[in-house]
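Structural overview for review
For reference, the chains in residue letters:
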Amino acid sequence: MQVVATAGHVDHGKSTLVLALTGMDPDRFAEEKARGLTIDLGFAWATLDSGREVAFIDVPGHVRFLKNMLAGVGAVDACLFVVAATEGWKPQSEEHLRILQLLGVGHGLIALTKVGLVDDETRQLAHMELEDEVQGTFLEGAPVVEVDVPTGRGVGDLRAALDRLLDATPASADRDRPRLWVDRVFAAKGSGTVVTGTLAGGSLAVDDELVVTPSLRKVRVRGLQSLQRQQGRVGPGSRVAVNLSGISHDELSRGHALVRPAQWRPTRTFDASLQVLEGLDHPVSRRGAYQAYLGSGEHSVRLRVLGEEAIAPGKVGAVRLHLPVPVPLLPGDRFIVRESGRDETVGGGEVLDVAPVLAASKARPSRSVDRVVAERGWITAEDLERLTGDRREPNVGRWVVAPAARESALTELRAAIDGAGPLGVDRAGLTDRQRAVLPLLDGVVVEGGRVRPEAVGDPLAGHPYVAAVEASPFSPPEPSGVNRAELAELVRRGLVVEREGVYFGPAAVDTAARRLAELLVEHPDGVTVAQVRDSLGTTRKHALPLLAHFDATGITRRRGDFRIGGPRLPAV
Ligand SMILES: Nc1nc2c(ncn2[C@@H]2O[C@H](COP(=O)(O)OP(=O)(O)O)[C@@H](O)[C@H]2O)c(=O)[nH]1
Ligand SMILES: [Mg+2]
């Protein structure tokens, strides 16, 4: 399916044409029918001669309902531009064309209506005027089909022209990132909350878990309809009605969006380009009360021009916009800006950065993904996709890291390792990012959970304290003057054994255990501290921690003042 919006001045025959093409009256409300005036968006659909399905969004032409027109044209593939031969080009012909142009609608055809009410000369003049007015826009060179609905003249030609137009209009892109801008909300009898919209960017399926912006309420898709048929799944570029569970209809309104929760970063501040309309009689600056039209929504915004003070008519500049609520945007999204006070369209632009990090005075927004990475230095691949829609392979761990940030992280880590002394640094004490760059660092070794420069070699090999402890096995010296980290590492590696602040060599501990076993053969009822002290030829100060170590490791057991053999006493 493809979606086509009507456009053109009020009373030029848009709704009449949609009715003629589809058999459905797009004017839904009694007031619209009574006044013969489209107030809100109308929806209708038809199957063309080729079998192609097309949905129409019929927009109001009256300037008072421009905001409704804007809600309808945000996600369409093409437009049916309507100009009455009786009146020719009028203010909203102009304004609608400017808006469609700014929104990037690239395909359309023109219906010259009411040709039955004018003479040949007027008709010819209307053609010439049209050609003039659309020059330089996406409608330049578009087919112009003459119609007169009451007599049926040209309606068949228009149908055929639509078929050709849609054949040449690319189908809505599927980026597996669905976003549905809500344009209608209602409570359907028996099924609860229903929203409708033009789906873009990806598919929706029954049972999808989604969030609604701006509330970020979680909802589930209970049912889907397209062209009034139930569907299990609907692809991008379709008109769709979504039955939601988890939310009441009065919590939703036009301008809200349905998206997958993990794929978007709804934002209240974004940087964008702004093309100011040529016909505007004043420059655009931060002074003024502006409304931005994003998707199907209308938002009061604060606008700041970046770099310059103001953007002159006909020029493009960069702006930062502040929204009152978070909106799920992506670079490339188009929007329109109107000034509420003067009730005029001032221009439109393209979203460039949905989460600017630089101050407005420094920001130079662009569509470049590298810029987004460079301004942050580090960003996870998932976050980058949320901000840009671009899927990139992470280059450090799970991050995409800018070259400069990668270099400085390597330099900092190198300095930390080199500066930590011969033992290096504890790997567990590194940050996630440091651990991620570690494999990229040359000339370091990771051993026993520590990272040290390769060139240093093992600083504990032949350590003097180990030699000193081994030299006096049962009266080892105190570790005064030994680096604390080195001492802890000697203990961790089992090169010395610590008990109650006294350090023994492991060989001394083994020898002592064997002596104790022999002593216990002579004294099966147990031995005293004094007996152990004398047998090892040491002092009480050293015998006590040694026995505490034996008690703790099951070599001995304490019975009052005596030690008897424990389960791990070595055999004699
Ligand atoms: N004679 C003639 N009248 C038309 C034609 N198209 C629309 N009209 C009449 O023009 C009036 C406005 O049409 P409508 O479709 O409501 O215009 P819209 O505001 O552009 O939607 C209605 O009275 C229509 O009957 C046409 O091709 N020929
Ligand atoms: Mg109408």
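What follows deals with a negative patch on the surface. On the surface, a cluster of negative charge is contributed by E129, E131, D132 and E140. Within the secondary structure, E129 is located in helix α5 (residues 120-133).

On the protein side, the magnesium ion (ligand 2) has S15 (OG) and T38 (OG1) as donor atoms, found 2.0 to 2.1 Å from it. Of this pair, S15 sits in helix α1 (residues 14-22) while T38 sits in the loop between α2 (30-35) and β2 (42-47), and the two are 23 residues apart along the sequence. In this pair, the class of S15 matches that of T38, namely buried.

Moving on to the nonpolar core. By size, the foremost hydrophobic cluster in this structure holds 52 residues, and its most contacted members are F270, L274, L303, L329 and F335. Setting aside residues up to four positions removed in sequence, F335 forms contacts with L103, F270, A272, S273, L274, Y293, L294, L321, G348, G349, E350 and V351.

Checked against the element boundaries, D40 lands in the loop between α2 and β2. Among the polar contacts made by the side chain of D40, one reaches the side chain of R254 at a distance of 2.9 Å. Apart from the residues lying within four places of it in its own chain, the contact partners of D40 are R28, F29, E32, D58, P60, N68 and R254.

Following both chains from N to C, one finds helix α13 (residues 506-522) and helix α14 (residues 529-536) inclined at 120°, their axes separated by 11 Å at the closest point. Taken together, α13 and α14 sit at an angle that is classed as oblique. Between α13 and α14 lies a crossing of right-handed hand. Contacts from A512, R515, L516 and L519 in α13 reach Q531, V532, S535 and L536 in α14. Taken together, the residues of the contact of α13 with α14 break down into 5 nonpolar, 2 polar and 1 charged.

This paragraph deals with the pattern of salt bridges. A side chain of one charge can pair with a side chain of the opposite charge if their charged atoms are brought near each other. Summed over all chains, the structure comprises 38 salt bridges. With a closest N to O distance of 3.8 Å, R28 and D40 form a salt bridge. Taken together, the residues R28 in the loop between α1 and α2 and D40 in the loop between α2 and β2 connect sequence positions 12 residues apart. We classify R28 as partly exposed; its relative accessible area is 30%. Notably, a salt bridge pairs R386 with D383, separated by 3.2 Å at the nearest N-O pair. You can see R386 and its partner D383 sitting in helix α8 (residues 381-388), 3 residues apart, about one turn around the helix. Residue classification places D383 among the partly exposed residues on the basis of a relative accessible area of 22%. Taken together, the shared-partner salt bridges in this structure form one network comprising D120, R123, E146 and R153.

Turning to a positive patch on the surface, a few remarks are in order. Together, R268, R286, R302 and R304 make up a region of like positive charge exposed at the surface. Tracing the backbone through its elements, the reader meets R268 in strand β16 (residues 267-276). Since its relative accessible area comes to 46%, R268 is described here as partly exposed.

Another point: the layout of surface pockets. Estimated volume of the largest pocket: approximately 1,100 Å³. R175, R179, A200, G332 and D333 are, among the 44 residues lining the largest pocket, the residues nearest its centre. Only β7 (179-188), β17 (290-294), β20 (334-339), β21 (344-353) and α7 (369-376) provide two or more residues apiece to the lining of the largest pocket. No other element matches the 3 residues that α7 contributes to the lining of the largest pocket. A class-by-class count of the residues in the lining of the largest pocket yields 21 nonpolar, 13 polar and 10 charged.

Pairing is mixed in the open sheet, where 6 strands are placed in the order β2-β3-β1-β4-β5-β6. The outermost strands of the open sheet, each flanked by one partner alone, are β2 and β6 (144-146). Ignoring strand direction, the axes of neighbouring strands in this sheet form an average angle of 25°. Bridge analysis of strand β4 (residues 78-84) against strand β5 (residues 108-113) gives 6 bridges, and the strand direction is parallel. When the bridges of β5 are listed, V82 appears paired with A111. Along the sheet, helix α6 (residues 155-168) makes contact with β1 (2-7), β3 (53-58), β4, β5 and β6, crossing β5 at roughly 165°.

As a further point, take the sheet that holds strand β25 (residues 444-447). Strand order across the open sheet formed by 3 strands is β24-β26-β25, with antiparallel pairing between neighbours. Two strands bound the open sheet, and with one partner strand each, they are β24 (425-426) and β25. As judged from the 2 bridges shared by β24 and strand β26 (residues 450-453), these two strands associate in the antiparallel manner. Residue pairing in the sheet places D426 in a bridge with R450 of β26. Packed on one face of the sheet, helix α9 (residues 403-419) meets β24, β25 and β26 and runs near 90° to β26.

A few words now on the packing of aromatic side chains. Per the stated rule, a full pass over the model turns up 4 aromatic pairs. Ring geometry for F81 against W89: centres 5.7 Å apart, planes inclined by 25°, an arrangement best described as stacked. Judged by relative accessible area, F81 falls into the buried class, the value being 0%. Centroid distance W378 to W399: 5.4 Å. Interplanar angle 80°. Geometry classified as edge-to-face.

On the secondary structure map, N68 appears in helix α3 (residues 66-72). Residues within four places of N68 in sequence aside, it is in contact with I39, D40, L41, P60 and R254.

Taken together, the neighbourhood of ligand 1 is formed by 16 residues, with D11, K14, S15, T16 and D148 sitting nearest. Within the contact set of ligand 1, an oxygen atom lies 3.2 Å away from a backbone nitrogen or oxygen of H12. Here K114 contributes a side-chain N or O atom positioned 2.9 Å from an oxygen atom of ligand 1. Across the complex, the protein chains shield 77% of the 580 Å² of accessible surface that ligand 1 would expose by itself.

About the criteria used
- Residues numbered from 1 in each chain as written.
- Chains lettered and ligands numbered in written order.
- Predicted model: local features only at pLDDT ≥ 70, side-chain atom pairs only at ≥ 80, totals over all residues.
- Heavy atoms only, no water.
- Patch = residues over 30% accessible without salt bridge, like charges linked within 9 Å, V, L, I, M, F, W, Y side chains within 5 Å.
- Areas by Shrake-Rupley, 256 points an atom, 1.4 Å probe, with all protein chains shown as cover.
- Salt bridge = Lys/Arg side-chain N within 4 Å of Asp/Glu carboxyl O.
- Lys, Arg positive; Asp, Glu negative; His and termini not counted.
- Charge placed at Lys NZ, Arg CZ, Asp CG, Glu CD.
- Helix = DSSP H or I, 4+ residues; strand = E, 2+ residues; numbered from the N terminus.
- Donors = N, O, S within 2.8 Å, 3.2 Å for Na, K, Ca; no water.
- Buried < 20%, exposed > 50% of the residue type's maximum accessible area, 1.4 Å probe, protein only.
- Core = buried A, V, L, I, M, F, W, Y, C linked by side-chain atoms within 4.5 Å.
- Contact = heavy atoms within 4.5 Å.
- Polar contact = N/O pair within 3.5 Å; in protein donor to acceptor, adjacent residues only side chain to side chain.
- Axes fitted to C-alpha atoms, helices over the stretch in contact; angles between N-to-C directions.
- Parallel < 35°, antiparallel > 145°, perpendicular 65-115°, else oblique.
- Left-handed = near helix turned anticlockwise from the far one by under 90°.
- Nonpolar A, V, L, I, M, F, W, Y, C, P; charged D, E, K, R; others polar.
- 1 Å grid on protein atoms, 1.4 Å probe; cavity = no way out; pocket = protein on both sides within 12 Å on 5 of 7 lines; lining within 4 Å.
- Points joined across faces, edges and corners; volume = space filled by probe spheres on them.
- Pairing = 2+ DSSP bridges.
- Phe/Tyr/Trp six-rings, centres within 6.5 Å; stacked < 30°, edge-to-face > 60°.
- Near = heavy atom within 4 Å.

In short, the description is geometric, and any link to function would need to be established separately.
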